[in-house]
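Structure at a glance
Chain residues, written in single-letter form:
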Amino acid sequence: MTAVTDRRYSSGMIIRARTVVTADRPPSENGAIAVCGNQIVEAGNFHEIKARYAGQVIDLGEQALLPGLINAHCHLDYTCLRGKIPPQKSFSDWIRAINTEKAQLSAHDYIASINEGFAEAKRFGTTTIANLTAFPKLIPHIHAPIRTWWFAELIDVRAPEGANELVDSALEALDQTENWGLAPHALFTASENLYRRCEEIAHRENILLTTHLAESREEMQMFRDAAGPLYEFLRHIRRPMDDCGNKTPLGVFVRASGDRALPHWIVAHLNELNETDFELLEKSALKFHIVHCPRSRDYFCHSHFPLERLRALGFNICLGTDSLASNDSLSLFDEMRAFQKTFPSAPPQETFRMVTVNPARALRQENELGGIRPGFKADMIAVPCSGSADVFEQIIAFDAPVAWMMVNGSVIASVPGSAGC
Ligand SMILES: [Zn+2]
């Protein structure tokens, strides 16, 4: 690997690699990207770029240059719980187990956990993350090293009468945060009033919302049949259960959200959808964004994620890691491999889009993130690449820390021997 520096120009930079993968066009061999400030100004053949732009040249050699990866669903709060909770007999037992672990953590522990999570996500090539936090008041104490959408996770299961105050307190904590949204946790822990209040704020502030929906069999059993371990657990802690025994989780969500088209919602999981749900999706104009978390699904042994049917209905589907309380790394490469194992016929390029183009669209950043195009933010990573195999297969097989990474035009990880900026 070599690096050449042209010191006459300090504002621009040319990054050359064996292959440049733009995510929406065929990969470009002997490719290069011209970067100015925090933006990509051109992408194409190295010789053409070199002839048109001046500046420092960073030659990444035998590597593929990719858009930085985007994790569409994560809880960095629980990075410190890796390996602490073995798979439980039921989803409600897991909720009890994580609550026991959480009761032992201080604010200091959570800050350390979030920082550790950021470091790991970055190490594995994530340059943007949609992170749910139960502690928005801690955000000012954290320096996020990558682009972050902070979602305040809201739970009012033990005090539904305080939903409005809960939202107001989260808004106050998020006041100085650049990219933020709200996350009523799930239908079984957040009241319909809380969902409605979040909807009102989303319309007023033009923000994104996210939630967990139709994740487990127990959630389906609770709402549809008013029965099962989750139903009994929540009844025991005095959750009002009059919304159970009638609709499926998706049906309740649609009612709680006011039957709108819902493009501001990023919905995690959807493992449990029955025929009534698919009829509802087919007949309605409902279009939210979906995050599938393959390894978290495997950990819980939830039902098979209905990828093909949701894709056929035109949903935008992304991948997320969920938290390390139900996963063992924050690597989206690991997540892509787990996805390919369950869906071996999925084209690798489509899988790659689920951690680049698709989550960028879910975050309303389709014109700035998730690709390598003029005008996009200069968020990129490089992974080793040879000419002997499909580049997308090589990307998904990559299983090591990412040695070169740029976020917002700054090189934040650099292999020895390559020039930084
Ligand atoms: Zn989650």
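See above for the structure.
Residues numbered from 1 in each chain as written. Predicted model: local features only at pLDDT ≥ 70, side-chain atom pairs only at ≥ 80, totals over all residues. Heavy atoms only, no water.

Notes on the nonpolar core
Defined as follows: Definition used in this section: a nonpolar core is a set of buried Ala, Val, Leu, Ile, Met, Phe, Trp, Tyr and Cys residues joined via side-chain atoms within 4.5 Å. Only protein chains enter the calculation, and the probe is 1.4 Å; a residue is then buried if its accessible area is under 20% of its type maximum, exposed if over 50%, and partly exposed in between. Residue contacts are counted whenever heavy atoms from the two residues lie within 4.5 Å of one another.
If you look at the biggest cluster of nonpolar residues, it comprises 104 residues, and the most contacted ones within it are Leu 182, Phe 253, Leu 281, Phe 288 and Ile 395. Those residues in contact with Ile 395 that sit more than four places away from it in its chain are Val 21, Leu 66, Phe 333, Met 336, Phe 352 and Val 383. With 19 residues, the next largest nonpolar core counts Phe 376, Ala 378, Met 406 and Val 411 among its residues.

Observations regarding the environment of Ala 119
Here is the rule: Put simply, DSSP H or I for four residues or longer makes a helix, DSSP E for two residues or longer makes a strand, and each gets a number counted from the N terminus.
By secondary structure assignment, the location of Ala 119 is in helix α3 (residues 107–123). Given a relative accessible area of 37%, Ala 119 falls into the partly exposed group. Residues Ala 119 and Arg 309, spaced 190 residues apart in sequence, show a C-alpha to C-alpha distance of 36 Å.

As for the sheet that holds strand β11 (residues 208–213)
Quick note on the threshold: By definition, two strands form a pair when at least two bridges between them are found by DSSP. Here an angle of 0 to 180 degrees is reported between the N-to-C directions of two axes, which are lines fitted to C-alpha atoms, with helices fitted over the stretch in contact.
On the basis of which strands lie adjacent, the open sheet formed by eight strands has the order β7-β8-β9-β10-β11-β12-β13-β14 and parallel pairing. Both edges of this open sheet fall to β7 (69–74) and β14 (316–319), since each of them pairs with a single strand only. On average, each strand axis in the sheet is tilted by 25° relative to the strand beside it, whichever way the strands run. In this structure, strand β9 (residues 147–154) lies alongside strand β10 (residues 180–184), joined through five bridges in parallel fashion. Among the inter-strand pairings, Ala 152 is bridged to a residue of β10, identified as Leu 182.

Here we look at α3
Put simply, the test is: One less than the residue count of a helix, multiplied by 1.5 Å, gives the span that helix is expected to have. It is the directions from the helix axis to the C-beta atoms that the arc portrays.
The first and last C-alpha atoms of α3 sit 24 Å apart over 17 residues, in line with the 24 Å expected at 1.5 Å per residue. Burial in α3 covers these residues: Tyr 110, Ser 113, Ile 114, Gly 117, Phe 118, Glu 120 and Ala 121. On an axial view of α3, the arc spanned by its buried residues comes to 170°, and they lie on one face. Each element contacted by the buried residues of α3 is listed here: α2 (91–102), β8 (126–133) and β9. Of the residues flanking the end of α3, it is Gly 125, one or two places downstream, whose phi is positive at about 85°.

Considering the coordination of the zinc ion
Octahedral metals with six donors have ideal donor angles of 90 or 180 degrees. Tetrahedral metals with four donors have an ideal donor angle of 109.5 degrees. Applicable threshold: In this description, a donor is an N, O or S atom within 2.8 Å of the metal centre, a cutoff extended to 3.2 Å for sodium, potassium and calcium. Water is not part of the atom list, which can make sites seem incomplete. A four-donor site is classed as tetrahedral when every donor-metal-donor angle falls between 85 and 135 degrees; four donors are called square planar, and six octahedral, when trans pairs exceed 155 degrees and all remaining angles lie between 65 and 115, with any other arrangement labelled irregular.
Around the zinc ion, the protein contributes the donor atoms His 73 (NE2), His 75 (NE2), His 212 (NE2) and Asp 322 (OD), which lie 2.1 to 2.4 Å from the metal centre. For the zinc ion, the four donor atoms in the first shell make angles of 91 to 164° at the metal, so the coordination geometry reads as irregular. Donor residues binding the zinc ion come from one chain and are separated in sequence as H-x1-H-x136-H-x109-D. Within this pair, whereas His 75 is found in the loop between β7 and α2, its partner Asp 322 is found in the loop between β14 and α12 (332–342), the two being separated by 247 residues in sequence. For the pair formed by His 75 and Asp 322, the shared burial category is buried.

Notes on the pattern of salt bridges
Our working definition: One speaks of a salt bridge when a side-chain nitrogen belonging to Lys or Arg is within 4 Å of a carboxyl oxygen belonging to Asp or Glu.
With the rule as written, the count across this model stands at 23 salt bridges. Of the charged contacts in the structure, one is a salt bridge between Glu 200 and Arg 197, with a shortest N-O distance of 3.0 Å. Note that Glu 200 and Arg 197 are positioned in helix α5 (residues 192–205) at a spacing of three residues, about one turn of the helix. Of the residues examined, Glu 200 reaches a relative accessible area of 46% and is grouped as partly exposed.

Re the pairing of strand β13 (residues 289–292)
So the rule is basically this: Seen with the strands pointing away from the viewer, any crossover whose path from the first strand over the helix to the second strand runs clockwise is right-handed.
Where burial is concerned, the two faces of β13 agree: the one with His 289 and Val 291 and the one with Ile 290 and His 292 are both buried. For strand β12 (residues 265–269) and β13, the ladder comprises three bridges, and the chain directions are parallel. Following the sheet pairing, Val 267 is matched in β13 by Ile 290. Between the parallel pair β12 and β13, the chain is carried across by helix α9 (residues 275–283), and the sense of this crossover is right-handed.

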